[in-house]
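An overview of the molecular structure
Read off the chains here:
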Amino acid sequence: VYVEFYADWCEVCRELAPDVYRIEQQYKNRVNFVMLNVDNMKWEQELDEFGVESIPHFAFLDKDGNEEGNVVGKLPRQYLVENVDALARGEASIPHARVVGQYSSAKSRKVHQVVDPRSHG
């Protein structure tokens with residue numbers, strides 16, 4: 001499972017969005033992609049669980065839901081591809097498990113309650 005914590009106001013998140021979309025299209029039949037907006041209060045538990053302090057924050061989970069590693073911020077597209085590919089192949093670990101690049105602070109969150117569960121807010 002690929003989990004991305006993002007926000008609409010996050011410039012780095014918006015910049016990476018086209019690459020993430022292409023990766024998702026390539027692996028969507030083998031890896032579950034989950035996108036969680038940090039401004040939505042219903043993800044508070046997940047923010048704490050994954051220690052999200054900066055965004056974008058990418059968590060990579062194995063088939064049992066255990067975190068294999070995470071990547072924070074803007075990094076080469078290849079890092080994401082290689083991590084997602086390792087998940088798709090069921091590898092025991094991912095090649096880029098703890099990497100930090102350029103990011104936005106999650107302390108800038110604009111928290112709100114979203115009523116519609118289908119909303120990406």
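Above this text is the structure in question.
This write-up is about the structure you can find in this document.

What counts, and where the lines are drawn
Residues numbered from 1 in each chain as written. Predicted model: local features only at pLDDT ≥ 70, side-chain atom pairs only at ≥ 80, totals over all residues. Heavy atoms only, no water. Disulfide = S-S within 2.5 Å. Buried < 20%, exposed > 50% of the residue type's maximum accessible area, 1.4 Å probe, protein only. Helix = DSSP H or I, 4+ residues; strand = E, 2+ residues; numbered from the N terminus. Pairing = 2+ DSSP bridges. Axes fitted to C-alpha atoms, helices over the stretch in contact; angles between N-to-C directions. Core = buried A, V, L, I, M, F, W, Y, C linked by side-chain atoms within 4.5 Å. Salt bridge = Lys/Arg side-chain N within 4 Å of Asp/Glu carboxyl O.

As a further point, take the state of the cysteines. Tallied over the full model, the rule gives one disulfide. Across a sulfur-sulfur distance of 2.5 Å, Cys10 and Cys13 are joined as a disulfide pair. Across the S-S bond linking Cys10 and Cys13, the dihedral sits near 80 degrees, which makes this disulfide right-handed. The class for Cys10 is buried, based on a relative accessible area of 0%. Accessibility expressed as a relative area gives 5% for Cys13, which makes it buried.

What follows covers the environment of Phe33. Tracing the backbone shows Phe33 in strand β2 (residues 33-37). Sequence separation of Phe33 and Glu4 is 29 residues, and the distance between their C-alpha atoms is 7.9 Å.

Moving on, we get to the sheet that holds strand β4 (residues 57-61). By way of backbone hydrogen bonds, the strands of a sheet pair with one another, either parallel or antiparallel. Read from one edge to the other, the open sheet built from five strands follows the order β2-β1-β4-β5-β6, with strand pairing classed as mixed. Every other strand in the sheet has two partners, leaving β2 and β6 (98-100) as the edge strands with one partner each. Pairs of neighbouring strands in the sheet enclose a mean axial angle of 15 degrees, with direction left out of account. Bridge count for strand β5 (residues 67-72) against β6 is three bridges, and the pairing is parallel. Directly across from Val72, in β6, lies its bridge partner Val100.

Turning our attention to the nonpolar core. Ranked by size, the top nonpolar core spans 34 residues in total, and within it Phe5 and Phe60 carry the most contacts. Those elements that provide at least two residues to this core are β1 (2-6), α1 (11-27), β2, β4 and α3 (77-88).

Okay, the pattern of salt bridges next. Counted under the stated rule, the structure contains five salt bridges. Between Lys74 and Glu15 there is a salt bridge, with the nearest N and O atoms lying 2.4 Å from each other. A residue pair is termed long-range when its members are at least 10 positions apart, and Lys74 in the loop between β5 and α3 and Glu15 in helix α1 qualify at 59 residues. For the salt bridge of Arg22 with Asp19, the shortest nitrogen-to-oxygen distance reads 2.5 Å. Remark: Asp19 and Arg22 occur in helix α1; sequence separation between them is three residues, near one turn of the helix. Of the residues examined, Arg22 reaches a relative accessible area of 45% and is grouped as partly exposed. Where salt bridges share partners, they join Asp19, Arg22 and Arg77 into one cluster.

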